[in-house]
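# Examination of the molecular architecture
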Amino acid sequence: LISCSKQESMDALTARVFTVAEQQYLTMDTRLEVTTLPQSIASDSTFKSSTIYWWCSGFYPGSLWYIYEYTQNEAVKTLSAKNTLKLDPIQYVTNDHDVGFQLNCSYGNGFRLTGNEDYKKVLYQGAQSLATRFSSVTGVIRSWDFLRRGWKYPVIIDNMMNLELLMFASKAFDNDTLEYVARTHANTTLKNHFRKDYSSYHLVDYDPEDGHVRSRQTVQGYSNESSWGRGQAWALYGYTMMFRMTRDEKYLEHAENIADMLLSRLPVDGIPYWDFDAPNGNEYRDASAGAIMASAFVELSGFATDEKARQNYLSIAEKQLRTLASSHYLAEPGTNCNFILKHSVGNLPEKSEVDVPLSYADYYFLEALLRYKKAMG
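Residues numbered from 1 in each chain as written. Predicted model: local features only at pLDDT ≥ 70, side-chain atom pairs only at ≥ 80, totals over all residues. Heavy atoms only, no water.

A few words on the overall build of the protein. Summing up its helical and strand segments, the protein has 12 helices and nine strands in all. Computed over its C-alpha atoms, the radius of gyration of the protein comes to 20 Å, within 12% of the 21 Å expected for a compact globule of 377 residues. With 377 residues in all, the protein has 61% of them scored as buried. Considering only contacts within the protein whose residues lie at least 6 apart along the sequence, 66% involve residues at least 24 apart. (Helix = DSSP H or I, 4+ residues; strand = E, 2+ residues; numbered from the N terminus. Rg over C-alpha atoms; globule rule 2.2 N^0.38 Å. Buried < 20%, exposed > 50% of the residue type's maximum accessible area, 1.4 Å probe, protein only. Contact = heavy atoms within 4.5 Å.)

The next thing to look at is the packing of aromatic side chains. Per the stated rule, a full pass over the model turns up 30 aromatic pairs. Measuring from ring centre to ring centre gives 5.5 Å for Tyr-237 and Tyr-364, while their planes differ by 75°; the resulting arrangement is edge-to-face. With Tyr-237 in helix H8 (residues 229–246) and Tyr-364 in helix H12 (residues 359–375), this pair connects stretches of sequence that are 127 residues apart. As far as the burial class goes, Tyr-237 and Tyr-364 line up, both buried. The ring of Tyr-201 carries the charged tip of Arg-195 above its face, separated from the ring centre by 4.0 Å. We note Lys-250 situated over the ring of Tyr-251; from NZ or CZ to the ring centre the distance is 4.9 Å. (Phe/Tyr/Trp six-rings, centres within 6.5 Å; stacked < 30°, edge-to-face > 60°. Lys NZ or Arg CZ within 6 Å of the ring centre and 35° of its normal.)

The end-to-end C-alpha distance of helix H10 (residues 287–301) is 21 Å, a good match for the 21 Å that 15 residues give at a rise of 1.5 Å each. Burial analysis of H10 places 15 of its 15 residues in the buried class, which makes it a mostly covered element. (Expected span 1.5 Å × (residues − 1).)

A separate point is the pattern of salt bridges. Two side chains that carry opposite charge are able to pair once their charged atoms sit near each other. Counted under the stated rule, the structure contains 21 salt bridges. The partner of Glu-367 in a salt bridge is Arg-371, and the shortest N-O contact between them spans 3.8 Å. Taken together, the residues Glu-367 and Arg-371, both in helix H12 and four residues apart, mark about one turn of the helix. Residue classification places Arg-371 among the buried positions, given a relative accessible area of 17%. Here the residues in one salt-bridge network are Glu-164, Arg-244, Glu-299, Glu-367 and Arg-371, joined through shared partners. (Salt bridge = Lys/Arg side-chain N within 4 Å of Asp/Glu carboxyl O.)

The subject of this paragraph is the nonpolar core. Core analysis: the biggest nonpolar cluster contains 117 residues, and Leu-166, Phe-297, Tyr-364 and Phe-365 have the highest contact counts within it. Ignoring sequence-local partners within four residues, the contact set of Leu-166 consists of Ala-127, Leu-130, Ala-131, Ile-141, Leu-178, Val-181 and Ala-182. (Core = buried A, V, L, I, M, F, W, Y, C linked by side-chain atoms within 4.5 Å.)

When you line up the elements, Arg-285 lands in the loop between helix H9 (249–263) and H10. Under the relative-accessibility criterion, Arg-285 is labelled partly exposed at 23%. Spatially, the C-alpha atoms of Arg-285 and Ser-301 are 24 Å apart, while their sequence positions differ by 16 residues. If near-sequence neighbours (up to four positions away) are discounted, Arg-285 is found in contact with Pro-267, Asp-269, Ile-271, Pro-272, Tyr-273, Trp-274, Tyr-329, His-343 and Val-345. Looking at Arg-285, its side chain comes within polar contact range of the side chain of Asp-269, at 2.7 Å. A polar atom in the side chain of Arg-285 sits 3.0 Å from the backbone oxygen of Ile-271. (Polar contact = N/O pair within 3.5 Å; in protein donor to acceptor, adjacent residues only side chain to side chain.)

This brings us to unusual backbone geometry. Of note, the phi angle at Arg-149 is positive, near 55°, even though the residue is not glycine. Looking at where Arg-149 falls in the secondary structure, it is placed in the loop between strand S4 (140–141) and strand S5 (154–156). Residue classification places Arg-149 among the exposed residues on the basis of a relative accessible area of 53%. Even without being glycine, Asn-336 reaches a positive phi, approximately 65°.

Encoded structure:
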């Protein structure tokens with residue numbers, strides 16, 4: 001008799017990944033300076049760091065907090081705190097929208113796990129800084145201040161991810177204005193960013209004078225009308241999160257519509273193409289988009305009221321996590337400049353960060369595994 005090899009349990013897979021993650025990220029810290037954080041691998045295959053002001057700066061400390069949450073290793077907790085504190089000046093940033101990414105992933109997880117009141121104060125100041133970028137005329141938070149392609153008030157789908165900071169601070173400090181800003185941004189984006197099939201444009205440019213939509217574009221994807229992989233992941237995650245924070249059914253309905261669109265388009269192994277509509281889309285997969293989707297699918301499975309939908313969302317998340325934990329995507333300890341995952345795509349049209357590790361791929365992969373573990377009890 002030929003015995004079939006038994007599939008690795010998700011508990012065993014999670015333990016295996018966190019063992020790698022702990023080794024990689026403890027070593028990663030030795031590559032950093034007092035004010036730098038990991039970004040990617042440069043074109044010459046060397047480690048690439050960023051300043052605290054790069055939009056991804058919160059993901060390394062955030063991943064460390066997740067590793068600590070799983071391992072309870074005090075050395076990891078110490079590194080988590082050290083790298084979180086690097087981001088202290090971000091709470092006062094008002095010239096870009098990424099404050100939510102930077103602070104919620106770092107200080108947000110730190111506060112969740114330690115209850116440190118100093119972290120909570122930083123989160124509130126950061127939320128107030130982010131809210132200064134909201135316009136009651138456009139009904140959205142401005143993403144970028146630079147004005148390429150004739151933009152006047154550009155808003156990208158990624159910005160949905162920054163709303164979690166506003167919602168947290170609103171609840172923690174009983175500030176209705178912050179919730180109003182978050183909900184209004186989510187509602188305006190729901191109205192203007194999506195096509196009939198629930199795929200999302202990357203960028204919508206508004207007129208700051210009267211709020212009308214000037215143009216819809218997909219800057220980091222194949223074409224304006226294409227479905228850029230990571231953009232769809234931000235949309236799925238963003239509206240799932242907004243339902244969690246508000247319990248507003250329209251956000252759940254929208255998240256499920258996005259999810260069902262993705263289920264019909266994802267490859268067999270669950271890892272999205274960098275752009276679903278690129279003629280050579282299968283040339284590059286995007287592990288970061290897969291990790292973000294996996295985390296969102298797990299959370300959405302806990303909210304969906306239809307049992308079949310719940311199972312579908314959890315099933316695709318498990319498939320994505322198993323693929324990402326395979327040798328094709330998961331780095332061997334001591335390789336990959338100490339990042340956890342390989343094969344992400346940052347901005348292919350600009351030939352920037354193509355087929356490299358990215359700090360946010362690691363972050364959402366670890367988050368998805370922890371969420372899956374909790375979902376399964």
